[in-house]
Amino acid sequence: MRIDVVSIFPEYLSALDLSLIGKARAQGLLQLTVTDLREFTADRHRTVDDTPYGGGAGMVMKPEPWALALDAARTRGLAAAGAAEQRPVLVVPSPAGEVFTQATARELALREHLVFACGRYEGIDERVVEWSREHFEVRPMSLGDYVLNGGEVAVLAMVEAIGRLVPGVIGNPDSLVEESHADGLLEYPVYTKPALWRDRPVPEVLLSGHHGRIARWRRDRQLQRTAARRPDLVAGLDPAGLDRADRDV
Ligand code: ADE
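Residues numbered from 1 in each chain as written. Predicted model: local features only at pLDDT ≥ 70, side-chain atom pairs only at ≥ 80, totals over all residues.

- Where an unreviewed UniProt entry is consulted, the chain appears under the name tRNA (guanine-N(1)-)-methyltransferase, with the organism given as Kocuria oceani.
- Check the Function (unreviewed entry) section of the UniProt entry for the chain; it says "Specifically methylates guanosine-37 in various tRNAs."
- Of the chain, the UniProt comment under Subcellular location (unreviewed entry) reads exactly: "Cytoplasm". (UniProt positions renumbered as here; feature names shortened; annotations may be inferred.)

### Focus: helix α5 (residues 152-163)
Next up, step 1: A rise of 1.5 Å per residue sets the reference length of α5, with its 12 residues, at 16 Å; its end C-alpha atoms lie 16 Å apart and thus fit the reference within 8%.
Next up, step 2: Inspection of α5 places E152, A154, V155, M158, V159, I162 and G163 among the buried residues, and these make up the whole buried set. Looking down the long axis of α5, one finds its buried residues gathered within 145 degrees of arc, a one-sided arrangement.
Next up, step 3: Among the structural elements, β1 (2-7), α1 (19-26), β5 (89-99), α3 (102-108), β6 (113-117) and β7 (137-142) are those in contact with the buried residues of α5. (Helix = DSSP H or I, 4+ residues; strand = E, 2+ residues; numbered from the N terminus. Expected span 1.5 Å × (residues − 1). Buried ≥ 20, exposed ≤ 12 C-beta atoms within 10 Å, placed from the backbone. Arc of directions from axis to C-beta. Contact = placed C-beta atoms within 7 Å.)

### Description of unusual backbone geometry
Next up, step 1: The peptide bond linking K193 to P194 adopts the cis configuration, its omega dihedral lying at 5 degrees.
Next up, step 2: By the element assignment, P194 lies in the loop between α5 and β8 (196-197).
Next up, step 3: With a phi close to 55 degrees, S19 is a non-glycine residue in the positive phi region.
Next up, step 4: Tracing the backbone through its elements, the reader meets S19 in helix α1.
Next up, step 5: Located in the positive-phi region is Y121, a residue other than glycine, with phi close to 55 degrees.

### Considering the nonpolar core
Next up, step 1: Ranked by internal contacts, the top residues of the largest apolar core, which has 39 residues, are V5, V115, F116, A117, V155 and M158.
Next up, step 2: Of all the secondary structure elements, the ones that give two or more residues to this core are β1, α1, β2 (31-36), α2 (63-81), β5, β6 and α5.
Next up, step 3: By residue number, the principal contributor to this core is α5, which donates five residues.
Next up, step 4: M158 has contacts with V91, F100 and M141, leaving out every residue within four places of it along the chain. (Core = buried A, V, L, I, M, F, W, Y, C linked by C-beta atoms within 7 Å.)

### As for the domain arrangement of the chain
Next up, step 1: Here the domain parsing of the chain yields domain 1 (2-163) and domain 2 (184-248).
Next up, step 2: Between the C-alpha centres of domain 1 and domain 2 the distance comes to 38 Å. (Domains from an automatic or database assignment.)

### Focus: the site of the ligand
Next up, step 1: Around the ligand, the structure places P93, S94, P95, S142, L143, G144, Y146, V147, L148, G151 and A154.
Next up, step 2: Residue classes in the shell around the ligand are distributed as seven nonpolar, four polar and no charged. (Near = placed C-beta within 6 Å. Nonpolar A, V, L, I, M, F, W, Y, C, P; charged D, E, K, R; others polar.)

Given below as C-alpha cells:
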C-alpha cells in the first residue's frame, strides 16, 4: 500500500517511523511519503493561507499549493503502480467529515493508494475538494465530535488503524479477530499473572481450562460492557449474529 501525507508540519508525522507502522515501512509493506505543503508555494514567505471570503475569524488554506501537492502525490502513486487500477483515495481529516470507524479502516486497508491532506486553520478552500473529485475518491473524515487544531493527529490515528490491517503488518493476524469492534462489540477484559494481585483474584473461569465456558464468559462480558458503555453499538447489532445465550445477557 502507498500512503502520501501532505502537511505544513511534516515533523508531526515522524511518529509513523516507530513501532509496527515503522517496521512495516522498513519491510516495504507500506510506502509512506510525507511532504511539506510549503514546497508547493511560489512566494518568498511560502504562504499557504489567506483571509476568508465573506469574512469571519481565522484563515483559510489557499487552493493552489494544495492542487500542486495533490498532483505530485497522485503522480508518485501512478509511477509506483504503473497504470493504476484504482483511483487513489483522498482523505481530508475534518470535524465536518463522516465518522471514521473500524469499518472505514477495513475498507481503506484494501486500497492501493491513500493520500491524506492535513488542513490547518479554518480548513482548505472548498474548491480543492471539488477539483480533487476529478482524480480522487474524496473522503472527508472525522475522528469524532470534537475539534483538533489540524488534521495531523487524526492522520496518525487513521494511518495506524488502517496500516495494522494491511496483510503482514501484524505478525499474528489472530489478534485482529478478538479485538474491540471486530464483531461490533467492545472487547472482553483481559488478565495476566499473578492469579492473585493485591487481594484481587483473576476470574475463576479463566483458570478452569474449559474452552467452552471461557468463550461464553468472554462473550457475556463483551455484551455487558458494550451495553453499559456503548448502547449505540448494541442497537446496530445484527440479530442474526446473536445466539440464544446472548439474548439472556
Ligand atoms: N481536524 C480537526 N478536528 C478533527 C476531527 N475531529 N477529526 C478529524 N480531523 C479533524
